[in-house]
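The residues making up each chain are set out below.
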Amino acid sequence: MRRALALLGLVLVVAGVAGYFAIVLAVPALVPYVRNHALPSWLLVGAGLALSLLALRRGGAGRWTARIALGTGVGLAGLFAVFLYVLLAVPGADGPRLGAPAPDWALADQTGRTVRLADFRGAPLLLVFYRGHW
Amino acid sequence: MPELEARGAKIAGVVVDSVETNAELARAAGLTFPILSDPELRMIDAYGLRHVAGHDGKDIALSASVLIDGDGIVRWTSITRNVRLRPDAADVLAAIDALGAARP
């Protein structure tokens, strides 16, 4: 019982972490939501850690199973957190000043035609800077 | 996209990639809006959005959205602090709607 509880906890932690990557890689429609909000994954991870902790505090056989399950779960959760919040972090930037005239430019679009800021005058323009297609 | 058009707004992408790469992307993804090629990061620097050594040691643009009104004034920006984060479409549309409210 204690072992089952501990292992169930570890399974939930793994499911939470693996689920994040499975959804981001396999379900494009959900990507914008899941990528911005890893909360469902963290809820699963949290529930898993809680179960493993509960198992550790119970009496009976399986003390080491509970310890290993909890330790592995905490380690996995830590790696997940490092990946999400450290490896994927980028330096901050101020960007263009609000209320100031937007800097002009003259750059080629995908057809080779030169496009300037002035071409968009009279309508709101959303510029989307992105990292690249690689 | 239909939501942007309904508000009379245009969209343009900005990236360090070549015209050829952007042509390929536009074809593959069926994109009809302009994708500006900025390999020397001139526009990206003008907008303060260079990410030094952002990819394989090369400088690229930070992921960012910049909303410019019809008079050429910067009205709203969203600059990511983490590559997985993007602005919600609803936030972008709200910013565009706010432009309309500010200009009767």
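Going by the structure above, here's the rest.
In this report, the structure presented in the accompanying data block is examined. All values derive from a computational prediction rather than experimental measurement. All residue numbers refer to position in the chain's written sequence, counted from 1. Chains and ligands are labelled sequentially in the order written, the chains with letters from A and the ligands with numbers from 1. It should be noted that, the model being predicted, local features are given only for residues of pLDDT at least 70 and side-chain atom pairs only at 80 or more, the latter also being counted only at that level, while totals for whole chains, interfaces and linings use all residues.

1. So, the overall build of chain B
Move 1: Helix and strand definitions here come from DSSP, where helices need a minimum of 4 consecutive H or I residues and strands a minimum of 2 consecutive E residues; each element is numbered from the N-terminal end. When helices and strands are counted, chain B shows four helices and six strands.
Move 2: Mapped from its N terminus to its C terminus, chain B presents α and β elements in the order α-β-α-β-α-β-β-β-β-α.
Move 3: A residue is called partly exposed when the number of other C-beta atoms within 10 Å of its own lies between 12 and 20, exposed at 12 or fewer, and buried at 20 or more, with C-beta atoms placed from the backbone. A total of 104 residues make up chain B; the buried ones form 36% of that total.
Move 4: If you take every contact in chain B between residues at least 6 apart in sequence, the share linking residues at least 24 apart comes to 23%. C-beta atoms are placed from the backbone for every residue, and two residues are taken to be in contact when these atoms lie within 7 Å.

2. What to know about the interface of chain B and chain A
Move 1: At the interface, 60 residues of chain B touch 42 residues of chain A.
Move 2: In terms of residue class, the side of chain B that touches chain A is built from 34 nonpolar, 16 polar and ten charged.
Move 3: Note that strand 3 (residues 125-129) of chain A and strand 1 (residues 10-15) of chain B share five bridges and pair parallel. Looking across to strand 1 of chain B, one finds that Leu125(A) is bridged to Lys10(B). When residues are grouped by polarity, Ala, Val, Leu, Ile, Met, Phe, Trp, Tyr, Cys and Pro land in nonpolar, Asp, Glu, Lys and Arg in charged, and all others, Gly among them, in polar. For two strands to pair, DSSP has to find at least two bridges joining them.

3. Observations regarding helix 4 (residues 63-87) of chain A
Residues and elements named next belong to chain A.
Move 1: The span one expects for a helix is its residue count, reduced by one, times 1.5 Å. Its 25 residues place the ends of helix 4 34 Å apart at the C-alpha level, agreeing with the 36 Å of an ideal helix rising 1.5 Å per residue.
Move 2: Turning to helix 4, its buried residues are Ala66, Ala69, Leu70, Gly73 and Phe80.
Move 3: Looking at the buried residues of helix 4, the elements they touch are helix 1 (2-26) and helix 3 (39-57).

4. A word on the environment of Trp42(A)
Move 1: On the secondary structure map, Trp42(A) appears in helix 3.
Move 2: Taking the C-alpha atoms as reference points, Trp42(A) and Ala77(A), separated by 35 residues in sequence, lie 8.5 Å from one another.

5. Focus on unusual backbone geometry
All names here are of chain B.
Move 1: A positive phi angle, near 55°, is found at Leu41, a position not held by glycine.
Move 2: Along the chain, Leu41 turns up in the loop between strand 2 (35-37) and helix 3 (42-46).
Move 3: Residue class for Leu41 comes out partly exposed when judged on the 18 C-beta atoms lying within 10 Å of it.
Move 4: With a phi angle near 50°, Asp56 is a residue other than glycine that sits in the positive phi range.
Move 5: Relative to the helices and strands, Asp56 is located in the loop between strand 3 (50-55) and strand 4 (58-61).

6. Focus: the pairing of strand 5 (residues 64-68) of chain B
All names here are of chain B.
Move 1: With five of five residues buried, strand 5 lies mostly within the body of the structure.
Move 2: Of the two faces of strand 5, the one holding Ala64, Val66 and Ile68 and the one holding Ser65 and Leu67 are both buried throughout.
Move 3: Both strand 5 and strand 6 (residues 74-79) contribute to a ladder of five bridges, which runs antiparallel. The residue of strand 6 that forms the bridge with Leu67 is Trp76.
Move 4: Between the end of strand 5 and the start of strand 6, which pair antiparallel, lie five residues, with Gly72 showing a positive phi angle near 85°.

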